[in-house]
There are 2 protein chains.
Amino acid sequence: MTTEIRLSGSGGQGLLFIGRILAEAAGVFEGKNAVQSTSYGGQVRGGSSRSDVLISPAEEEIDFPEVMDADLLLAMNQEAADEYGGKVKQSGVVILDTTFVKQPPKTRGRIIAYPFTLKTKERLGSALPTNVVVLAVISQIGALVGKEALVRAIKKRSPKGKDEINLQALNLGFELVKTGVLQRDGDDERELH
Amino acid sequence: MTTEIRLSGSGGQGLLFIGRILAEAAGVFEGKNAVQSTSYGGQVRGGSSRSDVLISPAEEEIDFPEVMDADLLLAMNQEAADEYGGKVKQSGVVILDTTFVKQPPKTRGRIIAYPFTLKTKERLGSALPTNVVVLAVISQIGALVGKEALVRAIKKRSPKGKDEINLQALNLGFELVKTGVLQRDGDDERELH
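Here's a quick rundown of the structure.

Definitions and cut-offs
Residues numbered from 1 in each chain as written. Chains lettered and ligands numbered in written order. Predicted model: local features only at pLDDT ≥ 70, side-chain atom pairs only at ≥ 80, totals over all residues. Helix = DSSP H or I, 4+ residues; strand = E, 2+ residues; numbered from the N terminus. Rg over C-alpha atoms; globule rule 2.2 N^0.38 Å. Buried ≥ 20, exposed ≤ 12 C-beta atoms within 10 Å, placed from the backbone. Contact = placed C-beta atoms within 7 Å. Axes fitted to C-alpha atoms, helices over the stretch in contact; angles between N-to-C directions. Parallel < 35°, antiparallel > 145°, perpendicular 65-115°, else oblique. Left-handed = near helix turned anticlockwise from the far one by under 90°. Nonpolar A, V, L, I, M, F, W, Y, C, P; charged D, E, K, R; others polar. Least-squares fit on C-alpha atoms with pLDDT ≥ 70 in both. Pairing = 2+ DSSP bridges.

1. Here we look at the overall build of chain A
Then, number 1: The helix and strand tally for chain A stands at 8 helices and 6 strands.
Then, number 2: In terms of overall size, chain A behaves like a compact globule, its C-alpha atoms giving a radius of gyration of 15 Å where 193 residues would be expected to give roughly 16 Å.
Then, number 3: Across the 193 residues that make up chain A, the buried fraction comes to 52%.
Then, number 4: Within chain A, contacts between residues at least 6 apart in sequence are counted, and of these 57% link residues at least 24 apart.

2. Some remarks on the packing of helix α5 (residues 147–157) of chain A against helix α6 (residues 163–178) of chain A
Residue and element names in this part refer to chain A.
Then, number 1: Put simply, α5 and α6 touch, their axes get as near as 10 Å, and they point 155 degrees apart. As the angle between them shows, α5 and α6 are arranged roughly antiparallel. With respect to the hand of their crossing, α5 and α6 are arranged in right-handed fashion. Contact with α5, carried on its side by K147, L150, V151, I154 and K155, involves D163, N166, L167, L170 and F174 of α6 and no other residues of that element.
Then, number 2: Of the residues assigned to the contact of α5 with α6, the class counts are 6 nonpolar, 1 polar and 3 charged.

3. What about the relation of the copies chain B and chain A?
Then, number 1: Note on the copies: chain B fits chain A at an RMSD of 0.0 Å, the axial shift is 0.0 Å, and the rotation between them is 180 degrees. Overall, the copies show the geometry of a two-fold rotation axis. Measuring from the rotation axis to each C-alpha of chain B, the shortest distance belongs to B:S37, at 2.0 Å.
Then, number 2: Taken together, the interface assignments show that 100% of the residues at the interface of chain B recur at the interface of chain A, consistent with an identical surface on both copies.

4. A word on the interface of chain B and chain A
Then, number 1: Taken together, the contact between chain B and chain A spans 23 residues of the former and 23 residues of the latter.
Then, number 2: At the level of secondary structure, the elements contributing two or more residues to the side of chain B that touches chain A comprise α1 (15–29) and β2 (33–41) of chain B.
Then, number 3: Each residue belonging to the side of chain B that touches chain A can be placed in one class, and the counts come to 9 nonpolar, 10 polar and 4 charged.
Then, number 4: Relative to β2(B), strand β2 (residues 33–41) of chain A runs antiparallel, the two being bridged by 9 bridges. Following the sheet pairing, A:S37 is matched in β2(B) by B:S37.

5. Brief notes about the pairing of strand β1 (residues 3–10) of chain A
Residues and elements named next belong to chain A.
Then, number 1: A large share of β1 lies buried, amounting to 7 of its 8 residues.
Then, number 2: In this sheet, strand β4 (residues 70–75) lies alongside β1 in parallel orientation, the contact comprising 4 bridges. Bridge pairing links I5 to L72 in β4.

6. Let's talk about the sheet that holds strand β5 (residues 88–97) of chain A
Then, number 1: The strand order β6(A)-β5(A)-β4(A)-β1(A)-β3(A)-β2(A)-β2(B)-β3(B)-β1(B)-β4(B)-β5(B)-β6(B) describes an open sheet built from 12 strands, whose pairing is mixed. Both edges of this open sheet fall to β6 (110–114) of chain A together with β6 (110–114) of chain B, since each of them pairs with a single strand only. The sheet shows a mean angle of 15 degrees between the axes of neighbouring strands, taken without regard to direction.

7. A word on unusual backbone geometry
Then, number 1: The backbone of A:A143 shows a phi angle near 50 degrees, a positive value even though the residue is not glycine.
Then, number 2: Within the fold, A:A143 resides in the loop between α4 (130–141) and α5.

8. Concerning the packing of α1(B) against helix α5 (residues 147–157) of chain B
Residues and elements named next belong to chain B.
Then, number 1: Contact geometry for α1 and α5: axes closest at 9 Å, N-to-C directions at 120 degrees. In terms of orientation, α1 and α5 fall into the oblique class. Of the two elements, α1 crosses α5, and the hand of that crossing is right-handed. Together, R20, I21, E24, A25 and F29 of α1 and A149, L150, R152, A153, I154 and R157 of α5 make up the contact between the two elements.
Then, number 2: Tallied by class, the residues present in the contact of α1 with α5 amount to 7 nonpolar, no polar and 4 charged.

If you want it as structure tokens, here you go:
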């Protein structure tokens, strides 16, 4: 079975970077099949950004390299949430960054809402590595790839001097899942349900 | 009509980089639609690398984001030439780097063969920017994107300190097409027909 992941938000939020990291971690370092595709131009509105990743087991080919109904949707801004919220499986999960998404979208999937950008800035002193925090969260929640493969892909692909902060961000993402704060953050949950 | 471009060769030849440059030049800087997709893992053999780019006019959506039969195939090693040579339209063009491709593949397309890596090293003192030389050649031969859009995308995406050599490589690629050396290089042509 192919797992369909859509990462959406604004240009500059680093979604293409984490899409490639995720695909490489799964495809190269865990021996699965993975396809990453990015759309440019009129099909993507304004300054928005979209990166699709599909992952299948080693013995299974990926037939159609674009997300139809997502198993996992990340929406990092309101426009992305509104545009793609409806294209999620009933069993799917929608991850919202409530720093930017103020209205939960109409969706069949389960919503996980958390102010990722805000919290990353608080904890790491910079909002820049929010993308990697979210990458860790997605990977865990979707059981997509293990930490070791992510670490290897991040070390390989991070710009010089950025691997340390990216690894800290990865740890923060794993911590958020482990401590259950994503599920029990009452304030954010109430805001959205 | 969607133009299907497949860039294939070895990992490390920079094909993902030029795939993204091409898609961004077409989609962002020329207002067309473009999708770039990359496969990782078992679907791509050994150390090989494949980057597909699809480009359509602004008013036309791209339905299927993977190359079926290429309008333009770039093969930068023998394995890629053998693997993908058969998946080219009759009206298509196959561009081979004869630095590495010694046997022309079976294909319906017209073959353009030239020792791109060798000549780039001779002319620019390094083989590294061969990918950008080839990007210029492909863009011209397929009438995919204009030089201005390529320059903008290269300036935006080149790693620090690499934009100058990449722009030189772009100029070299345009020069190769303009002077007709790709068509009339008797030695390479004879070797392959």
